[in-house]
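The chain contents come next:
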Amino acid sequence: MTPVTRTEGEATLADPAGARGSRDAGSYRDPAGFVYRRDGIIYRQINAVFAEEWEHYTHSGLYDRLAAAGVVIEHEEVDLDLAAEPPASYVIRPEQLKTISYPYEWSFSQLKDAALLTLEAQALAAAAGMTLRDASAYNIQFRLGRPVLIDSLSFERTQPGQPWIAYGQFCEHFLAPLALMARVDVRLGGLMRSHLEGIPLDLAARLLPGRTRLSFGLGPHLHLHARAQRQHAASGATAVSRASNSMSPAKLETLIESLRGTIKGLSWEPAGTEWAEYAGNTSYDDDATRAKEDAVAAALVEAAGSSAWDLGANTGRYSRIAAERGYSVVALDIDPAAVERGYRALRKGSSVDILPLLADLTDPSPPLGWGSAERKGLLERIDTDVILALALIHHLAISRNVPLPMIADLFAGLAPHAIVEWVPKEDSMVQQLLASREDIFPDYSIEGFRAAFGAHFDIVRETPIENTDRTLFHLKRSA
Amino acid sequence: MLRNSVGSGSETVDLPFAYIDPASGSLVIQALIAGLIAIPFFFRNKISKFIRTVRGDSSASSEAAPGQDDSGHTD
């Protein structure tokens, strides 16, 4: 089950001693530079071939402007000695991000905001005589609840008249999936997992309703675009050379503004998915909710951690409680509507250190890409102090038939502390789950729970939640 | 300095640092799309201005920047 990944200090062809750093498995495509890890820190090196462009990027003030606007991640320049491979001209240490996530784990609005951010970066770059060399969704990460561009090497000086190199990639990575999620079904976002290079435009065109051919945005940028790609697939050099002087700055601006309008016009309202009405439909009255919140808060304080993963976070009520107590939180949920609502709520206020992500614990994103290592699996990325598993156990054990010992096993591998809500069979929610099926769960009981989790954890505290038949467990992994 | 050239002879095109593969169609179609879109944009701004004048809107001082107002997009 452990994927083949580079560990630090492993020997490579260019660096037999492995001491100069190990390259990120996904950072190989770009001759301008790459990302690597050295002594636990992430660096990016700028190769000699790209030195001039980098200097222009930093000296022209574009970087400062992008950083001030919160568009690009901030970095500091460090000693060239820290380079991983020659020939490097510069080495930078970007702000380190706690958790990496991928577009196929984002909600609709997270992807939409990432798209708009990319266009904003391009617009700011154009004003400074530069342009984005790529528009990959993997160039974006989330930081304190907001998207940020992490690929500092994306910018190069514009060649006057040249078309935008990244236009095709932008439409495949952003426009196509967003259009499919908004106009067909939000679950089509899952296509991103099997199309790491972006959704092919011909596929998107085929899946979208025919009337989108008439829309001002999707008509040209998706349908016409798909047809052009198909028609020119074999044209190669002649067609490209004819295009080489075709895009004036004004035309480029029109193109970008049109894309912005198109993306903005795509919307998806999170109603009607399974968990959307969940919040109003539970075993909890106001007193019980308050009691649970207090118990969870107390457990979080007792665990004295700095990071938490809230599994089955729904819209993030308890993630917020953790964040308020100084935790850096990742809020996972299987329901696109829940993640969307959670993200929208975060967007309203000031930055909170919560990252909502879409994930199915019974099928967490696996490692993907070249060598099955470019995009790390979800479980591999969990590096945390506390797991929150509130109103979750019964969904795993009953709905998905996962035996309690296997759940305990998984949790034990994820973090030293687990705050778990035990939901007994008598609970109305479990009765609902069992309504249409045979009760094949003889071991699903609080004794079964204690036995299963006792194999890996010690019970720090057990708190029955008043007005309910549920119990909150604070568990600590045994030494 | 690394420069990528596509084509041959008199039809060489410099695509510096184009490490991604920009589909030929994506390069070729841009100018057409930008041209197509410029027309409704141009007219939409004229039309909104006209409508505001007709309505006698006192708040007409805010001009919608192109692309920001997506009322023309029914997507």
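Residues numbered from 1 in each chain as written. Chains lettered and ligands numbered in written order. Predicted model: local features only at pLDDT ≥ 70, side-chain atom pairs only at ≥ 80, totals over all residues. Heavy atoms only, no water.

*Asks:* I'd like to hear about the overall build of chain B, residue by residue, with values.
*Replies:* Along the backbone of chain B there are 1 helix and 2 strands. The secondary structure elements of chain B, listed N-terminal to C-terminal, are β-β-α. Every one of the 75 residues in chain B was classed for burial, and the buried ones make up 33%. A separation threshold of at least 6 residues defines the contact pool for chain B, and within that pool the share at least 24 residues apart is 17%. Put simply, chain B shows about 4300 Å² of open surface, and 58% of that area lies on carbon and sulfur atoms. (Helix = DSSP H or I, 4+ residues; strand = E, 2+ residues; numbered from the N terminus. Buried < 20%, exposed > 50% of the residue type's maximum accessible area, 1.4 Å probe, protein only. Contact = heavy atoms within 4.5 Å. Areas by Shrake-Rupley, 256 points an atom, 1.4 Å probe, with all protein chains shown as cover.)

*Asks:* Quick one: what's the story with unusual backbone geometry, residue by residue and with numbers?
*Replies:* Residues and elements named next belong to chain A. Along the chain, Pro-86 connects to Pro-87 via a cis peptide bond; the corresponding omega equals -5°. Counting through the fold element by element, Pro-87 comes out in the loop between strand 4 (75-78) and strand 5 (88-94). Unusually for a residue other than glycine, Ser-372 sits at a positive phi of about 50°. Within the element layout of this structure, Ser-372 appears in the loop between strand 12 (354-358) and strand 13 (386-389). Residue classification places Ser-372 among the partly exposed residues on the basis of a relative accessible area of 39%. Positive phi is not limited to glycine here, since Asn-467 has a value of about 65°. Within the secondary structure, Asn-467 sits in the loop between strand 15 (457-464) and strand 16 (471-477).

*Asks:* Which residues make up the packing of aromatic side chains, and what are the values?
*Replies:* By convention here, two paired aromatic rings are described through the distance between centres and the angle between planes. Residues and elements named next belong to chain A. Counting across every chain of the model gives 18 aromatic pairs over all chains. Relative to Tyr-343, the ring of Phe-142 lies with its centre 5.9 Å away and its plane at 90°, an arrangement referred to as edge-to-face. A residue pair is termed long-range when its members are at least 10 positions apart, and Phe-142 in strand 7 (residues 140-143) and Tyr-343 in helix 12 (residues 336-348) qualify at 201 residues. Taken individually, Phe-142 and Tyr-343 each receive the classification buried, so the pair is uniform in this respect. Ring pairing ties together the aromatic residues Phe-411, Trp-422, Tyr-444, Phe-449, Phe-453, Phe-457 and Phe-473, which thus form one cluster. Positioned above the aromatic ring of Phe-34, the side-chain terminus of Arg-23 is 3.6 Å from the ring centre. (Phe/Tyr/Trp six-rings, centres within 6.5 Å; stacked < 30°, edge-to-face > 60°. Lys NZ or Arg CZ within 6 Å of the ring centre and 35° of its normal.)

*Asks:* Lay out empty space enclosed by the protein with the relevant residues and their values.
*Replies:* All names here are of chain A. Applying the stated criterion across every chain, the model contains 5 cavities of 30 Å³ or more. Considering only enclosed or pocket space, the second largest cavity measures out at about 90 Å³ in volume. Around the second largest cavity, the lining is made up of 14 residues, and of these Thr-315, Gly-316, Ala-331, Gly-342 and Ile-354 lie nearest the centre. At the level of secondary structure, the elements contributing two or more residues to the lining of the second largest cavity comprise helix 11 (317-324), strand 11 (328-333), helix 12 and strand 12. (1 Å grid on protein atoms, 1.4 Å probe; cavity = no way out; pocket = protein on both sides within 12 Å on 5 of 7 lines; lining within 4 Å. Points joined across faces, edges and corners; volume = space filled by probe spheres on them.)

*Asks:* Break down the nonpolar core for me, citing the residues and quoting the values.
*Replies:* Most often, soluble globular proteins have nonpolar side chains that are buried together. All names here are of chain A. Ranked by internal contacts, the top residues of the largest apolar core, which has 120 residues, are Phe-155, Trp-164, Ile-393, Phe-411 and Phe-453. When residues in this core are grouped by element, the largest group, 11 residues, is from helix 4 (residues 167-183). Apart from the residues within four sequence positions on either side, Phe-411 is in contact with Leu-311, Ala-389, Leu-392, Ile-393, Val-420, Phe-453 and Phe-457. (Core = buried A, V, L, I, M, F, W, Y, C linked by side-chain atoms within 4.5 Å.)

*Asks:* For the confidence of the model for chain A, give the residues involved together with the corresponding values.
*Replies:* Per-residue confidence for chain A gives a mean pLDDT of 93; residues scoring 70 or more make up 94%. Here residues 1-11 of chain A is modelled with pLDDT under 50, and outside its nearest four sequence neighbours on either side it reaches 20 contacts, counting other chains as well. (pLDDT = per-residue confidence, 0-100.)

*Asks:* Please give an account of the pattern of salt bridges that cites residues and values.
*Replies:* Residues and elements named next belong to chain A. For the structure on display, the rule yields 27 salt bridges over all chains. Residues Arg-344 and Glu-340 are paired through a salt bridge, measuring 2.8 Å at the closest nitrogen-oxygen approach. Taken together, the residues Arg-344 and Glu-340, both in helix 12 and 4 residues apart, mark about one turn of the helix. (Salt bridge = Lys/Arg side-chain N within 4 Å of Asp/Glu carboxyl O.)

*Asks:* Can you tell me about the domain arrangement of chain A, naming the residues and giving the values?
*Replies:* Residues and elements named next belong to chain A. Its domain assignment divides chain A into domain 1 (12-94), domain 2 (103-264) and domain 3 (278-477). On a C-alpha basis, the centroid separation for the pair domain 2 and domain 3 is 36 Å. Tallying the contact residues gives 17 residues for domain 2 and 26 residues for domain 3. Here domain 2 packs against domain 3, burying approximately 1800 Å² in sum over the two surfaces, 51% of which is carbon and sulfur. Together, Glu-105, Arg-146 and Arg-193 form the three largest contributors to the area buried by domain 2 at its contact with domain 3, with a combined 33%. At the boundary of domain 2 with domain 3, the tally comes to 3 salt bridges. Summed over the shared surface of domain 2 and domain 3, the result is 11 residue pairs in polar contact (both at pLDDT 80 or more). For the side of domain 2 that touches domain 3, the secondary-structure elements that each account for two or more residues are helix 3 (108-127) and strand 8 (146-149). (Domains from an automatic or database assignment. Buried area = accessible area lost by both parts, 1.4 Å probe. Polar contact = N/O pair within 3.5 Å; in protein donor to acceptor, adjacent residues only side chain to side chain.)

*Asks:* I'd like to hear about a negative patch on the surface, residue by residue, with values.
*Replies:* A cluster of acidic residues, Asp285(A), Asp286(A), Asp294(A) and Glu466(A), forms a negative patch on the protein surface. With respect to the helices and strands, the residue Asp286(A) is situated in helix 10 (residues 286-303). (Patch = residues over 30% accessible without salt bridge, like charges linked within 9 Å, V, L, I, M, F, W, Y side chains within 5 Å. Lys, Arg positive; Asp, Glu negative; His and termini not counted. Charge placed at Lys NZ, Arg CZ, Asp CG, Glu CD.)

*Asks:* Quick rundown of the sheet that holds strand 5 of chain A? Include the residues and the values.
*Replies:* Residues and elements named next belong to chain A. One open sheet holds the 5 strands; their spatial order is 1-2-3-5-4, and the pairing between them is antiparallel. Two strands in the sheet have a free side with no partner beyond their single neighbour: strand 1 (22-23) and strand 4. Looking at chain direction, strand 2 (residues 33-38) and strand 3 (residues 41-47) are connected through 6 bridges and run antiparallel. For Gly-33, the partnering residue across the bridge sits in strand 3 and is Ile-46. Helix 1 (residues 51-59) rests against strand 3, strand 4 and strand 5 of the sheet, and its axis sits at about 45° to strand 5. (Pairing = 2+ DSSP bridges. Axes fitted to C-alpha atoms, helices over the stretch in contact; angles between N-to-C directions.)

*Asks:* So what's going on with the pairing of strand 16 of chain A? Which residues, and what values?
*Replies:* Residue and element names in this part refer to chain A. Within strand 16, 5 of the 7 residues are buried, which leaves the element mostly enclosed by the surrounding structure. Relative to strand 16, strand 14 (residues 417-422) is paired through 6 bridges, and the arrangement is antiparallel. When the bridges of strand 16 are listed, Val-420 appears paired with Phe-473. Two elements, strand 15 and strand 16, share 7 bridges in a ladder whose sense is antiparallel. Bridging from a neighbouring strand, Thr-463 pairs with Leu-472 of strand 16.

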